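# Residue-level structure breakdown
Okay, here's what each chain looks like letter by letter:
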Amino acid sequence: MLQFLEGLKHLCASALSCCDIDLCKQPKGLEDPEALARETVFSVSEIEALYELFKKISSAVIDDGLINKEEFQLALFKTSKKESLFADRVFDLFDTKHNGILGFEEFARALSVFHPHAPIDDKIEFSFQLYDLKQQGFIERQEVKQMVVATLAESGMNLSDDVIESIIDKTFEEADTKHDGKIDKEEWRSLVMRHPSLLKNMTLQYLKDITTTFPSFVFHSQVDDT
Amino acid sequence: MYIDDKAFSMQEMSSDAKQQPGSPSQINAFELIRMSSFLDLSGFFEKEEVQQRKIRFTSNYSSGDLLSKIEGIVKEMGFRVAKRNGGKLRVIQAHNKEKSLGSLSFLTEVFDISSSLRVVELSKSYGDSSLYRKLWTKLSNDLGVSTL
């Protein structure tokens, strides 16, 4: 199949080269929306709409069809000047190829987790990895404190160290059922099942309406969306 | 009028069986953490910064006092309030005869940090941001909150 396409491309290229029309250049990234739709919770038209969003974000600084960290921050925070351990962590989780940039596939797969219809297991997994700052397979008390302090600093909320420690104490009392000073994936999952509001930031309702927010005018969509 | 009930229902499930009726949930460290603007990906879909849409502050008032004060202020400004359990309040635009009132819908949640301290989170679901800021200014004055 691939060879056929390659052959077709060459044929196109040579046929059109004299007219200087680059019709056969594939849009970088949206090569197989059906495959992505199969592997995520998105429908094909949602994938196409998501691609419109992707194009917008990825062309903000360098128009190369890829999202670099600066463009990622610009899109989310409207400024690329904000440094945050969380922002880095989120980008890293999107960047499954670990090459410092996001292609459309990585973008779509990560956002799929945030869809209201995504399986809760995916949300549990993503959030666990998010908070596992050192990627050790468990969340340490020290990491929790780091994250609490960072969040408080954001909005200028001032809490004494005593108060912060007592919040963390109570959290570990409830979450650390194995009493080993860390929260592993199992313990995280139980905690979150008891307190679903902890995953509130793992769902983006906007994703349900994405086809209306980012209409795409791709005419090859003869694929059934059911 | 669109009320984002689905987002709401997830929060209602979180009410602890142990807590007293009407009192807000004792905050979990991860509840605080998930309030971080940096963990909020809604920025992909919104033109405004997260700080324009989500406001957090601490207060020494009891949660009951906080919620009634907030309710009082928003009602004065012509908004309707749908109360929920566990320290939550949904504020929506009143069916208005005064056309000057813009549309706005936001959620208020109050959490206990300690016996004497509360954290309040206001999250705008949609609406007029200048109206939201106006409301927030009035609220912070009335509650004596110092803002960044």
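These figures come from a predicted structure and were not determined experimentally.

## A look at the packing of helix α4 (residues 63-76) of chain B against helix α5 (residues 129-143) of chain B
Residues and elements named next belong to chain B. Their axes nearest at 10 Å, the elements α4 and α5 cross at an angle of 135°. By the angle between their axes, α4 is oblique relative to α5. Crossing of α4 against α5: the hand is right-handed. Contact with α4, carried on its side by L66, K69, I70, I73, V74 and E76, involves L135, K138, L139, D142 and L143 of α5 and no other residues of that element. Of the residues belonging to the contact of α4 with α5, the class tally is seven nonpolar, no polar and four charged.

## Topic: the interface of chain A and chain B
Each side of the interface is counted separately: chain A has 54 residues, and chain B has 45 residues. For the interface between chain A and chain B, the tally reads three salt bridges. The closest approach of N and O atoms between B:E121 and A:K200, which form a salt bridge, is 3.8 Å. Elements that contribute at least two residues to the side of chain A that touches chain B include exactly α3 (44-58), α4 (69-77), α5 (85-94), α6 (104-112), α7 (120-131), α8 (141-154), α9 (161-175) and α10 (185-194) of chain A.

## A short note on the nonpolar core
Judged by nonpolar contacts, the single largest core of 76 residues is most densely connected at A:F94, A:F107, A:W188, B:F30 and B:F44. Per-element tally for this core: the top contributor is α3(A), with eight residues. What B:F44 contacts, discounting residues up to four positions off in sequence, is A:L53, A:I57, A:F72, A:A75, A:L76, A:F94, A:F107 and A:L111. In this structure, B:F57, B:L67, B:V91 and B:V145 belong to the second largest nonpolar core, which totals 23 residues.

## Regarding the environment of A:T212
Residue placement: A:T212 occurs in helix α11 (residues 210-213). In this structure A:T212 comes out as exposed when scored by relative accessible area, which is 64%.

## What to know about the UniProt feature "domain: EF-hand" (unreviewed entry) in chain A
All names here are of chain A. Under the present numbering, the feature "domain: EF-hand" (unreviewed entry) in UniProt falls on residues 82-117, 119-154 and 163-198. Secondary structure content for residues 82-117 is 53% helix and 6% strand, and the end C-alpha separation is 31 Å. The span residues 163-198 shows a helical share of 64% and a strand share of 8%, and its end C-alpha atoms are spaced 20 Å apart.

## Regarding α10(A)
Buried within α10(A) we find A:E187, A:W188, A:L191 and A:V192. An end-on view of α10(A) places all buried positions within 130° of arc, on one side of the element. Those residues of α10(A) that are buried lie in contact with α7, β3 (138-140), α9 and β4 (182-184) of chain A together with α2 (29-33) of chain B. The backbone nitrogen of A:E186 has a side-chain oxygen 3.1 Å away, supplied by the residue at the start of α10(A), namely A:D184.

Conventions adopted
- Residues numbered from 1 in each chain as written.
- Chains lettered and ligands numbered in written order.
- Predicted model: local features only at pLDDT ≥ 70, side-chain atom pairs only at ≥ 80, totals over all residues.
- Heavy atoms only, no water.
- Axes fitted to C-alpha atoms, helices over the stretch in contact; angles between N-to-C directions.
- Helix = DSSP H or I, 4+ residues; strand = E, 2+ residues; numbered from the N terminus.
- Parallel < 35°, antiparallel > 145°, perpendicular 65-115°, else oblique.
- Left-handed = near helix turned anticlockwise from the far one by under 90°.
- Contact = heavy atoms within 4.5 Å.
- Nonpolar A, V, L, I, M, F, W, Y, C, P; charged D, E, K, R; others polar.
- Salt bridge = Lys/Arg side-chain N within 4 Å of Asp/Glu carboxyl O.
- Core = buried A, V, L, I, M, F, W, Y, C linked by side-chain atoms within 4.5 Å.
- Buried < 20%, exposed > 50% of the residue type's maximum accessible area, 1.4 Å probe, protein only.
- UniProt positions renumbered as here; feature names shortened; annotations may be inferred.
- Arc of directions from axis to C-beta.
- Polar contact = N/O pair within 3.5 Å; in protein donor to acceptor, adjacent residues only side chain to side chain.

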